[in-house]
Amino acid sequence: MSLTDFPAGAHPSPSGFPLPKVTMPALSEMKRQGKPISALTAYDYASARLVDEAGIDLLLVGDSLAMVVLGHENTLAVTVDEMLHHTRAVRRAVRRALVVADMPFGSYHGAISDAVASAVRFVKEAGAEAVKIEGPRIELVQALVAAEIPVVGHLGLTPQSVHRMGGYRVQARTADAALQIQADAFALAHAGAGAIVLEGIPREAAAEITAALPIPTIGIGAGPDCDGQILVFYDLVNLTFAPAAKFVRRYADASALFRSAIEHYREDVEHRAFPSDAESYHLPESARRLIQASRDDEDAVVNRDAREELDQKTNRR
Ligand code: KIV
C-alpha cells in the first residue's frame, strides 16, 4: 500500500497561481502567440503526475508504451484495452495538461465507423481529451471531428508503419517527399486536426511546414523550428536500456539512480539493516504491560505445575 495526496485544483505555477487547463484551442493560441508547446509521453499515474506538475502542456499516452513499458520490440502489439488502461491511470493524475491518447495499430485501419467507436472509448471510458492517429487519414479525421473528438495527426516517421518503412528511418529526405508531407499536413489541418506531430524528418522540412500551417506542429526528431517538442518520458530520463537516438536529450539518469537505490535496499535487507526500530510499528506501553503480565501469569502456572509434578514424583518414591 502507498498513499497519494492531491493538492486541490490545478497545479500552481512557480508564482503560486493555478495554471489554466490546457485545451486544444489553447494550443492554437500558443502557436499564434509564438509560445513553444512542451509535450511529453507518460503511461502511468506517477509519471503523469510528475509531468503535469512540472507544467508540461500536452501529455501523450503514446503507443510507445508497447516498447518502453511492456517490452515489445515495436509498437504494433499494444491493444485498445491496454491503451485504455494506461490512459485511465494518466487521466487520474492530470489536472492541467491536455491528455492525448494514441490510437493503437489496427484500431483505426478498417471501417471508419469502427475507428470512431474506438476513439469514443478513449474519450468516454478513459477521459482522453484528444486522440492521435498516424498518417494522412483525412476521411477519418473528418469523421472524428464530426463526432466531437479532437485529433492530433502524426506524419513523417510513423512507427506503426515500421514494416512498410523497413525500420525506423528518417523520412522526407528528398524534395518530393518533403513536399508530400507538407501536402498531407495541410490536408489534415483542413480536415480539422488540431495539431500535428512531425517525427523523424529533416529540420528544414519541419520548419517549412510549421511556418505554413495554421495549426501547431509538435516535433520529435524534427529540429527546433516546430511549434512544440515532444519526447518519450523514458528517453528523457534514461530508462530505455538502449542507446539514445540522435534527437534524444537525456535530462536525468533514472537507470543509475534506481539501480543504486535497489542494490542498496537489497544489501540492507541481507545485512538486517532494514527496517530499523524507527521504521517499525510499536505496541502502546499499556498493551506491552498486559502482555508481560499474562506472560508472568503463564510462567507462574508452569512453575506451579512443575512443582506439583516434582512433589508427586518425590512422594511416590
Ligand atoms: O507513441 C509515442 O510515444 C509517440 C511520440 C513519439 C510522438 O507517438
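Computed from a predicted model, the values in this text were never measured in an experiment.

What counts as what
- Residues numbered from 1 in each chain as written.
- Predicted model: local features only at pLDDT ≥ 70, side-chain atom pairs only at ≥ 80, totals over all residues.
- UniProt positions renumbered as here; feature names shortened; annotations may be inferred.
- Helix = DSSP H or I, 4+ residues; strand = E, 2+ residues; numbered from the N terminus.
- Buried ≥ 20, exposed ≤ 12 C-beta atoms within 10 Å, placed from the backbone.
- Contact = placed C-beta atoms within 7 Å.
- Pairing = 2+ DSSP bridges.
- Near = placed C-beta within 6 Å.
- Nonpolar A, V, L, I, M, F, W, Y, C, P; charged D, E, K, R; others polar.
- Axes fitted to C-alpha atoms, helices over the stretch in contact; angles between N-to-C directions.
- Expected span 1.5 Å × (residues − 1).
- Domains from an automatic or database assignment.

Details of the UniProt feature "active site" (unreviewed entry) in the protein chain
According to UniProt, the feature "active site" (unreviewed entry) maps to Glu199 in the numbering used here. The residue Glu199 is located in strand S6 (residues 195-199) in this model. On the neighbour-count criterion, Glu199 (23 C-beta atoms within 10 Å) is buried. Non-local contacts of Glu199, meaning those with residues more than four positions away in its chain, are made with His154, Gly156, Leu157, Thr158, Ile220, Gly221 and Ala222.

Structural notes on the pairing of strand S8 (residues 228-231)
Residues of S8 alternate between two faces, with Gly228 and Ile230 on one and Gln229 and Leu231 on the opposite face, all of them buried. By the bridge criterion, four bridges tie strand S1 (residues 37-41) to S8 in an arrangement that is parallel. Bridge assignment links Ile37 to a residue of S8, and that residue is Gly228. The pairing of strand S7 (residues 217-220) with S8 spans two bridges and is classified as parallel.

A look at the site of the ligand
Taken together, the residues surrounding the ligand are Thr41, Leu60, Gly62, Asp63, Ser64, Asp102, Val197, Glu199, Ile220, Ile230 and Val232. Broken down by class, the residue content of the shell around the ligand amounts to five nonpolar, three polar and three charged.

Comments concerning unusual backbone geometry
In this structure, the amide linkage connecting Phe274 to the following residue, Pro275, adopts the cis form with an omega of -5°. One non-glycine residue with positive phi stands out, namely Ala172, at about 55°. Along the polypeptide, Ala172 turns up in the loop between helix H7 (162-165) and helix H8 (175-191). Looking at Ala172, the number of C-beta atoms within 10 Å reads 24, which means it is buried. One non-glycine residue, Asn238, lies in the positive phi region at around 55°. Asn238 sits in the partly exposed class, given 19 other C-beta atoms within 10 Å.

Let's talk about the sheet that holds strand S3 (residues 98-102)
Strand order in the closed barrel formed by eight strands is S1-S2-S3-S4-S5-S6-S7-S8, and the pairing between neighbours is parallel. Taking the axes of each pair of neighbouring strands and ignoring which way they run, one obtains an average angle of 25° across the sheet. Along the sheet face, H8 touches strand S5 (151-156) and S6 and points at about 175° away from the line of S5. Lying on the sheet, helix H9 (residues 203-212) is in contact with S6 and S7; it crosses S7 at an angle near 165°.

Focus: helix H11 (residues 254-270)
The end-to-end C-alpha separation of H11 is 24 Å, in line with the 24 Å expected for 17 residues at 1.5 Å each. Among the 17 residues of H11, zero are classified as buried, and the element is accordingly described as predominantly exposed. The positive-phi residue at the C-terminal boundary of H11 is Arg272, with phi of around 50°.

Points about the domain arrangement of the protein chain
Taken as a whole, the protein chain is organised into domain 1 (24-260) and domain 2 (282-316). The gap between the C-alpha centroids of domain 1 and domain 2 is 72 Å.

Notes on the pairing of S3
Side-chain direction in a regular strand flips from residue to residue, so the side chains alternate between the two faces of the sheet. Across the five residues of S3, five count as buried, placing the element largely inside the fold. Neither face of S3 is exposed, since Leu98, Val100 and Asp102 on one face and Val99 and Ala101 on the opposite face are all buried. Both strand S2 (residues 58-61) and S3 contribute to a ladder of four bridges, which runs parallel. Bridge pairing in S3 places Leu58 opposite Leu98. Bridge analysis of S3 against strand S4 (residues 130-132) gives three bridges, and the strand direction is parallel. Across the sheet, Ala101 pairs through a bridge with Val131, a residue of S4.

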